[in-house]
Amino acid sequence: MKAIQVSQYVNGPEDLKVADLPTPTPKPDQYLIAIHAAATNFFDLLQIRGKYQHQPPFPWVSGSEFSGVVLKAPSSLPGGRTPKFKVGDRVFGGGQGAYSTHIAIGEEQLRPVPKGWSFVDAAGIYVTGPTSYAGLVVRAGIKAGDWVLVHAAAGGVGLAAVQIAKAFGATVVATAGTQHKLDVARSFGADHTVNYREADWAAQVKKLTPKGRGVDIVYDPVGMVAESMKCTAWNGRILVVGFAAGAIEKVAMNRVLLKNVSIVGLHWGAYATNEPEMQTVVWDGLYKLFDSGKYRGIGYTDKEYVGLESVGEALKALGARDTWGKVVVKVPQDGQSKI
Ligand SMILES: NC(=O)c1ccc[n+]([C@@H]2O[C@H](COP(=O)([O-])OP(=O)(O)OC[C@H]3O[C@@H](n4cnc5c(N)ncnc54)[C@H](OP(=O)(O)O)[C@@H]3O)[C@@H](O)[C@H]2O)c1
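Residues numbered from 1 in each chain as written. Predicted model: local features only at pLDDT ≥ 70, side-chain atom pairs only at ≥ 80, totals over all residues.

Peer 1: Would you mind showing me how to read the packing of helix α3 (residues 125-139) against helix α4 (residues 156-167) here?
Peer 2: Packed helices, taken two at a time, are described by the angle their axes make and the gap between the axes. Running from N to C, α3 and α4 point in directions that differ by 50°, and their axes come no closer than 8 Å. Looking at the two axes, α3 sits oblique to α4. Considering how the two elements wind past one another, α3 and α4 form a crossing that is right-handed. In this structure, α3 contributes T128, G129, T131, S132, Y133 and L136 to the contact, and α4 contributes G156, V157, A160, A161, I164 and A165. Residues that form the contact of α3 with α4 fall into these classes: seven nonpolar, five polar and no charged. (Axes fitted to C-alpha atoms, helices over the stretch in contact; angles between N-to-C directions. Helix = DSSP H or I, 4+ residues; strand = E, 2+ residues; numbered from the N terminus. Parallel < 35°, antiparallel > 145°, perpendicular 65-115°, else oblique. Left-handed = near helix turned anticlockwise from the far one by under 90°. Contact = placed C-beta atoms within 7 Å. Nonpolar A, V, L, I, M, F, W, Y, C, P; charged D, E, K, R; others polar.)

Peer 1: Explanation requested: the site of the ligand in the structure shown.
Peer 2: Close to the ligand lie 25 residues; G155, G156, G177, G242 and A244 are nearest. In terms of residues, the shell around the ligand owes the most to one element, α4, which gives three residues. Counted by class, the shell around the ligand contains 14 nonpolar, nine polar and two charged residues. (Near = placed C-beta within 6 Å.)

Peer 1: I'm lost on the pairing of strand β11 (residues 192-195) in this one. Help?
Peer 2: The two faces of a sheet get side chains in turn, since along a regular strand they alternate between them. By the bridge criterion, four bridges tie strand β10 (residues 171-176) to β11 in an arrangement that is parallel. Paired with A176 across the two strands is N195, which belongs to β11. (Pairing = 2+ DSSP bridges.)

Peer 1: What is the right way to read the pairing of strand β9 (residues 147-150) from this model?
Peer 2: Here β9 shows no split at all, with W147 and L149 on one side and V148 and V150 on the other all buried. Bridge count for β9 against β10 is four bridges, and the pairing is parallel. Bridge pairing links L149 to V173 in β10. (Buried ≥ 20, exposed ≤ 12 C-beta atoms within 10 Å, placed from the backbone.)

Right under this line is the structure:
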């Protein structure tokens, strides 16, 4: 197989090299997948530089999200269970080693490609979809009629959140840093857009809401809780999803009291160990949205990245904050793209 193997930390994505490696032999309870597309994440950039919380021992294959086709199903599952997927099924998933033509992986890390979806779009669901669904539905209790403010709305989790909020009957105010990104958020269903690089963005958001009461839910993957409280309604919920701006915010607690708001954390990855049954609820909810056409793929389309050789360029574009949605690299099998 071909893969981006990391044998020592690199200065940046331009230093990544494609290597010929032995195709992995799956364990009896694993699948072998032919990867057709791999998605980029900011943490891939941290990991190749040795700055991520999870650093496998050298050498390791980079990348963590993919889609592809089952080449080999498990020969033996615990309790004699029948494998969910068979040879030829289209799947997507998450696991170390996605920048590769092949991956050996367990069933719990795989999901079926939604009907009619491309490999490119499917490669970007595994993290963004459940994060935004669990945040808005499970943690913030979204309901029809809510006003939802989605920060960094053209980013990966942001575009997922816009679509989920709309599907639940909310009115969505999207923020982003450029007009192009605001237009993208609108094309995925946002009702209103506000550029949060403008100093008075919170006042603009408040003014959009009925009688200037503020929004009911703030979806925050950036680190804008303190400022967002200026445009949050009485009884509002503020979802702490991430810190894309880099700093971990410190919030004055008297404002939480005075505004009568709830600040709610979300750590999707930790549901697997702390509340595994909720994973089924979240994924079932997501597939209903996929099947109803209320949620479509968010693969970045301004530029195409083809071949593992272009992973470095794709990661560079992601790190430069130039892109929207999920930047996905097509991985041709046998020299040909099957996308
Ligand atoms: N809690 C969880 O379980 C969970 C799960 C998944 C992801 N996350 C976190 O959520 C955040 C967003 O993830 P994502 O996959 O949506 O990332 P992404 O696609 O790279 O989007 C991040 C967005 O943040 C905005 N941003 C604001 N300040 C920025 C800065 N200084 N540098 C770069 N971007 C900046 C950018 O939009 P503008 O250019 O429009 O400002 C960008 O579109 C990350 O911090 C990630 O770790 C959390």
